[in-house]
Amino acid sequence: MTALPPDSSTSADERAEAAAQLVSRRTLLAGAVGAVGATLVNNASALLAQTRSPLPSPTALDDPGKVQGRIPSELGERSPFEHPRRRVNRAAPSGESESPLQDLYGTITPADLHFERHHGGVPVIDPARYTLLIHGMVERPFKFTLSDLKRFPAVSRVCFIECSGNGYRGFQQNVMKREATPSWIDGLLSTSEWTGVALATLFREVGVKPGAKWFLAEGSDAAHMTRSIPVDKAFDDAMIAYAQNGEAIRPEQGYPARLLLPGWEGNAQVKWLKRIELAEKPFMTREETSKYTDPLANGTARMFSFVMDAKSLITFPAYPNTLGRGWCVITGLAWSGRGKIAHVEVSTDGGTTWQSAELQPPILSKCTTHFRHLWKYDGGEAALMSRAIDETGYVQPTRAQLVAARGAGTFYHMNNIRGWKVERGGKVFFHMEG
Ligand SMILES: Nc1nc2c(c(=O)[nH]1)N[C@H]1C(S)=C(S)[C@@H](COP(=O)(O)O)O[C@H]1N2
Ligand SMILES: [Mo]
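Residues numbered from 1 in each chain as written. Chains lettered and ligands numbered in written order. Predicted model: local features only at pLDDT ≥ 70, side-chain atom pairs only at ≥ 80, totals over all residues. Heavy atoms only, no water.

Asks: What should I look at first to understand the overall build of the protein in this one?
Replies: Within the protein one finds eight helices and 24 strands. Counting over 434 residues, the protein shows a buried share of 49%. Nonlocal contacts in the protein, meaning residues at least 24 apart in sequence, comprise 71% of its contacts between residues at least 6 apart. (Helix = DSSP H or I, 4+ residues; strand = E, 2+ residues; numbered from the N terminus. Buried < 20%, exposed > 50% of the residue type's maximum accessible area, 1.4 Å probe, protein only. Contact = heavy atoms within 4.5 Å.)

What follows is the structure in structure tokens.
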């Protein structure tokens, strides 16, 4: 039996479960075709090996220039030496998988590694039967088909989507642990190039009535996710996205079309979007009343916290890395829902002193930006931290500042400074700041 992919972020339980699934599928299949003959069994298990388990360890040629390589294929695949994987959170009551932030380069998340968050599973929607209804306070209510949407002038933009709950594991002390990878801490964050139609274009088409200040966005999944969004966002930069990184949007991301609200909390970016209703007031749905509202220290609550504040995370070195003495390039990601990242500062002494990190272009608005900082590790103890400052001057807060502003019970929008503790000898663990 082929070995499962090495995945530092997969628990032993998860690996055992996956192995058990492989075994039972294989047993089933072998049993079903047992009478037909050895050839079929061999073909079937070869096929199964291709579809269900990772490729066997590749054998690299010493001199690839000596033989003819593989011929072109209709669909490309990754090098057999690369196995990036999302970390599927099987403990989440509905559905959640995290992007492997520590394994990615540049700004774009490959579509098959984009994080997933859904409350009623991923629905299968026939694009030929898909419609988007826009009604309520409009002059000309209209049901758009997918091909209607594609006939409007398309717009593209690169931006991140971050779950409103991303990073609670880097804030709430009862869930924090030392053995935490970047994807475990903040992996509900991904970046794509999105293509679709500007919502402003559709709103002009249907004629938004004066006085319409909010719109309801409703999904067609079993969760019937519904959120109220200010109309101003539609006339700013909201769009109906039907493509992601150059191809049709993935089912997990809302195929055939989703609402995209650059820089705003993930929850409001309704996937599998089927209906938009314009009104004077917000609709006060479950997702914006009982959920995604932030309790404040004074006992009141903050509703409609749409904008994701500036945040950063060092993705190397991180758990489970071990550092050797000498020069080390500290790298990470910074992002802000308010605009561009202006600066990132890095501390190697637990926040006593800070140095400016170098930003790696492109530096786009409402988009993840890579940073790096060269540091000489002396083999002793160190505490690494990063803090992002965006173009509006907003500075990523410490955990203590966030607690002072919102109380310790806050559960969403946790953008506090986070860091890594390097122990004597170079082992790196998540750093639980007070
Ligand atoms: N229809 C629908 N839209 C949805 C959800 C959902 O469950 N159903 N989940 C929301 C949440 S909580 C988040 S964080 C984002 C996640 O987007 P992604 O799965 O494309 O990363 O989608 C949002 N849109
Ligand atoms: Mo979310």
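Asks: Hey, could you run me through the pattern of salt bridges in this one?
Replies: Enumeration over the complete set of coordinates arrives at 24 salt bridges. A single network of salt bridges, built from pairs that share partners, joins Arg87, Glu96, Glu98, Arg117 and Arg169. (Salt bridge = Lys/Arg side-chain N within 4 Å of Asp/Glu carboxyl O.)

Asks: What is the right way to read the nonpolar core from this model?
Replies: Note on soluble globular proteins: their nonpolar side chains tend to be buried together. By size, the foremost hydrophobic cluster in this structure holds 37 residues, and its most contacted members are Leu199, Leu202, Phe215, Ile240 and Ile276. Going through the elements one at a time, β4 (131-136), α3 (146-151), α5 (199-206), β8 (214-219), α6 (231-236), β10 (239-244) and β13 (273-279) are the ones with two or more residues in this core. Among the elements that line this core, the one with the most residues is α5, at four residues. Residues in contact with isoleucine 276, not counting those within four places in the same chain, are Leu132, Leu133, Ile134, His135, Leu199, Phe203, Phe215, Leu216 and Ile240. By size, the runner-up hydrophobic cluster in this structure holds 33 residues, among which are Met308, Ala334, Phe371 and Val428. (Core = buried A, V, L, I, M, F, W, Y, C linked by side-chain atoms within 4.5 Å.)

Asks: Can you walk me through the environment of glycine 207 in this structure?
Replies: Relative to the helices and strands, glycine 207 resides in the loop between α5 and β8. The spacing of glycine 207 and proline 141 is 66 residues in sequence and 8.5 Å in space, taken between C-alpha atoms. Here glycine 207 is in contact with Met137, Val138, Glu139 and Arg140, once residues within four sequence places are set aside.

Asks: Could you clarify how one ought to interpret the site of ligand 1 in this entry?
Replies: Around ligand 1, a shell composed of 20 residues is seen, among which Phe115, His119, Asp221, Arg258 and Lys271 lie nearest. The side chain of glutamine 253 places a nitrogen or oxygen atom 3.1 Å from an oxygen atom of ligand 1. For ligand 1, whose free accessible area comes to 540 Å², the fraction covered by protein is 100%. Here the residues of the shell around ligand 1 are counted per class, giving six nonpolar, eight polar and six charged. (Near = heavy atom within 4 Å. Polar contact = N/O pair within 3.5 Å; in protein donor to acceptor, adjacent residues only side chain to side chain. Areas by Shrake-Rupley, 256 points an atom, 1.4 Å probe, with all protein chains shown as cover. Nonpolar A, V, L, I, M, F, W, Y, C, P; charged D, E, K, R; others polar.)

Asks: Teacher, can you tell me more about the confidence of the model for the protein here?
Replies: Predicted coordinates in regions of low pLDDT should not be interpreted in detail. Across the protein, pLDDT averages 87, with 86% of residues at or above 70. In this model residues 1-52 is a low-confidence stretch, pLDDT under 50, and it forms 42 contacts with partners more than four residues away in sequence or in other chains. (pLDDT = per-residue confidence, 0-100.)

Asks: I'm lost on the environment of histidine 83 in this one. Help?
Replies: Within the secondary structure layout, histidine 83 lies in the loop between α2 (38-52) and β1 (87-88). In this structure histidine 83 comes out as partly exposed when scored by relative accessible area, which is 26%. Each C-alpha atom of the pair histidine 83 and aspartate 103 lies 9.5 Å from the other, and the pair is 20 residues apart in sequence. At 3.2 Å, the side chain of histidine 83 and the backbone oxygen of proline 80 are in polar contact.

Asks: Explain the sheet that holds β1 here, please?
Replies: Working definition: the strands of a sheet are paired by backbone hydrogen bonds and lie parallel or antiparallel to each other. Strand order in the open sheet formed by three strands is β1-β2-β3, with antiparallel pairing between adjacent strands. Single-partner strands in this sheet number two, and they are β1 and β3 (116-118). Both β1 and strand β2 (residues 95-98) contribute to a ladder of two bridges, which runs antiparallel. Paired with valine 88 across the bridge in β2 is serine 97. (Pairing = 2+ DSSP bridges.)

Asks: Would you explain the packing of aromatic side chains in this entry?
Replies: What describes a pair of aromatic rings is the distance from one ring centre to the other and the angle between the planes of the rings. In the structure shown here, the tally under the stated rule is ten aromatic pairs. The interplanar angle of 25 degrees and the centroid separation of 5.9 Å between the aromatic rings of tyrosine 319 and phenylalanine 429 together place this pair among those described as stacked. In this pair, tyrosine 319 is assigned in the loop between β16 (311-316) and β17 (326-335) and phenylalanine 429 in strand β24 (residues 428-431), connecting sequence segments 110 residues apart. For tyrosine 319, a relative accessible area of 23% corresponds to the partly exposed category. (Phe/Tyr/Trp six-rings, centres within 6.5 Å; stacked < 30°, edge-to-face > 60°.)

Asks: How do you make sense of the sheet that holds β17 when you look at a structure like this?
Replies: Taken together, four strands build an open sheet; the order of strands is β16-β17-β21-β20 and the sheet is antiparallel. Each of the sheet's edge strands pairs with one partner strand only, and the pair in question is β16 and β20 (358-360). Strand-to-strand twist across the sheet, computed as the mean angle between neighbouring axes with direction ignored, equals 35 degrees. (Axes fitted to C-alpha atoms, helices over the stretch in contact; angles between N-to-C directions.)

Asks: Is there a simple way to think about the side chain of threonine 107 in this case?
Replies: Along the chain, threonine 107 falls in the loop between β2 and β3. You can call threonine 107 buried: its relative accessible area is 15%. Other than its neighbours up to four places away in sequence, threonine 107 contacts Thr191, Pro362 and Thr368.

Asks: When you look at unusual backbone geometry in this model, what are you seeing that I'm missing?
Replies: Only a minority of non-glycine residues have a phi that is not negative, and only a minority of peptide bonds are not trans. The amide bond that connects tyrosine 255 to the next residue, proline 256, takes the cis arrangement and shows omega of 5 degrees. Within the secondary structure layout, proline 256 lies in the loop between β11 (247-248) and β12 (258-260). Backbone torsion omega between phenylalanine 316 and proline 317 reads -5 degrees, so that peptide bond is classified as cis. Mapped onto the elements of the fold, proline 317 is located in the loop between β16 and β17. Despite not being glycine, methionine 284 has its phi angle at roughly 55 degrees, a positive value. Structurally, the position occupied by methionine 284 is in the loop between β13 and α7 (286-289). With a relative accessible area of 41%, methionine 284 lands in the partly exposed category.

Asks: Teacher, can you tell me more about the pairing of strand β9 (residues 226-230) here?
Replies: Counting buried residues in β9 gives five out of five residues, a clear majority hidden from the surface. Alternating positions in β9 separate into two faces, Thr226, Ser228 and Pro230 on one and Arg227 and Ile229 on the other, with burial throughout. As paired strands, β8 and β9 are joined by five bridges and run antiparallel to one another. Bridge assignment links tryptophan 214 to a residue of β9, and that residue is proline 230.

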